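Here is how the chains run, residue by residue.
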Amino acid sequence: QVQLVQSGGGLVQAGGSLRLSCVASGRTFSVYAMGWFRQAPGKEREFVAGIRWAGTVSTWDADSVKGRFTISRDNAKNTVYLQMNSLKSEDTAAYYCAAPRAPFVDITRADAMDYWGEGTLVTVSS
């Protein structure tokens, strides 16, 4: 069992920055990757960014956020971050961190995730 607790989020002006955090607890040794997803009202949950939890760092970014968002990890703190820069109104959504319980799964697939954070709302004003 893994618990994911998020922090961050809030209201930010377009062009501004925000950093989200996700702290994993429980059987964190069973986590192989972590990802960030977002869901806007009336929209499907979509992949934002992913990172390998342990070992060599590999990251994956959605095209919509590439160059603006950066995912990173701090294994000593069991934490994954999402640094969001140059925010746009279209980034407004509920953001969720997530993790699969098995390796070798597609981190970009929401339906492949087994553990989810509670979500945090990011609102970008224009």
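Residues numbered from 1 in each chain as written. Predicted model: local features only at pLDDT ≥ 70, side-chain atom pairs only at ≥ 80, totals over all residues. Heavy atoms only, no water.

**Q** Looking at this structure, I do not really get the overall build of the protein. What am I missing?
**A** Within the protein one finds zero helices and 11 strands. Along the chain direction, N to C, the helices and strands of the protein fall in the order β-β-β-β-β-β-β-β-β-β-β. Taken along the three principal axes of its C-alpha coordinates, the protein extends 40 × 30 × 25 Å. Every one of the 126 residues in the protein was classed for burial, and the buried ones make up 42%. A separation of at least 24 residues holds for 54% of the contacts in the protein among residues at least 6 apart in sequence. On the protein, roughly 6,500 Å² of surface is accessible, and the fraction owed to carbon and sulfur atoms is 48%. (Helix = DSSP H or I, 4+ residues; strand = E, 2+ residues; numbered from the N terminus. Buried < 20%, exposed > 50% of the residue type's maximum accessible area, 1.4 Å probe, protein only. Contact = heavy atoms within 4.5 Å. Areas by Shrake-Rupley, 256 points an atom, 1.4 Å probe, with all protein chains shown as cover.)

**Q** Is there a simple way to explain the nonpolar core in this structure?
**A** Inside soluble globular proteins, nonpolar side chains tend to come together where they are buried. Core analysis: the largest hydrophobic core is formed by 35 residues, its most contacted members being Leu 4, Met 34, Trp 36, Leu 82, Met 84 and Tyr 95. Within the residue set of this core, elements represented by two or more residues are strand 1 (2-7), strand 3 (18-26), strand 4 (33-39), strand 5 (46-52), strand 7 (69-74), strand 8 (79-84), strand 9 (93-99) and strand 11 (120-125). Per-element tally for this core: the top contributor is strand 9, with five residues. Contacts of Met 34, omitting those with residues within four sequence positions, involve Leu 4, Cys 22, Ala 49, Gly 50, Ile 51, Trp 53, Ile 71, Val 80, Ala 98, Ala 99 and Ile 107. (Core = buried A, V, L, I, M, F, W, Y, C linked by side-chain atoms within 4.5 Å.)

**Q** Would you mind going over the pattern of salt bridges with me for this structure?
**A** Any two side chains of opposite charge can pair, given that their charged atoms come close. As enumerated under the stated definition, the model contains four salt bridges in all. Three or more residues are tied together by salt bridges with common partners; here these are Arg 38, Glu 46, Arg 68 and Asp 91. (Salt bridge = Lys/Arg side-chain N within 4 Å of Asp/Glu carboxyl O.)

**Q** Even after reading the chapter, I still don't get the side chain of Arg 68, so can you show me in this structure?
**A** Within the secondary structure, Arg 68 sits in the loop between strand 6 (59-61) and strand 7. By relative accessible area, which is 9% here, Arg 68 ends up buried. In this structure Arg 68 touches Gln 83, Met 84, Asn 85, Ser 86, Leu 87, Lys 88 and Asp 91, once residues within four positions along its chain are discounted.

**Q** Please explain the pairing of strand 9 as it appears in this structure.
**A** For a regular strand, side chains alternate in direction, first toward one face of the sheet and then toward the other. Along strand 9, seven of the seven residues are buried, which leaves the element largely enclosed by surrounding structure. When strand 4 meets strand 9, the two strands line up antiparallel, connected through five bridges. Residue Gly 35 lies in a different strand from strand 9, and its bridge partner there is Ala 98. By the bridge criterion, three bridges tie strand 9 to strand 11 in an arrangement that is antiparallel. (Pairing = 2+ DSSP bridges.)

**Q** Would you explain the packing of aromatic side chains in this entry?
**A** Each aromatic ring pair is summarised here by two numbers: the centre-to-centre distance and the angle between the ring planes. Applying the stated criterion across every chain yields a total of three aromatic pairs. Centroid distance Phe 37 to Phe 47: 5.7 Å. Interplanar angle 70 degrees. Geometry classified as edge-to-face. A residue pair is termed long-range when its members are at least 10 positions apart, and Phe 37 in strand 4 and Phe 47 in strand 5 qualify at 10 residues. Judged by centre distance (6.2 Å) and plane angle (85 degrees), the rings of Tyr 96 and Trp 116 are edge-to-face. (Phe/Tyr/Trp six-rings, centres within 6.5 Å; stacked < 30°, edge-to-face > 60°.)

**Q** Whenever I open this one, unusual backbone geometry confuses me. Can you help?
**A** For residues other than glycine, phi is negative in most cases, and the peptide bonds are mostly trans. One non-glycine residue, Ser 86, lies in the positive phi region at around 50 degrees. Relative to the helices and strands, Ser 86 resides in the loop between strand 8 and strand 9. Looking at Ser 86, the relative accessible area reads 41%, which means it is partly exposed. Here the phi dihedral of Phe 104 falls at roughly 65 degrees; this positive angle occurs in a residue that is not glycine. Positionally, Phe 104 belongs in the loop between strand 9 and strand 10 (115-116). Residue Phe 104 is classed as exposed on the basis of its relative accessible area of 84%.

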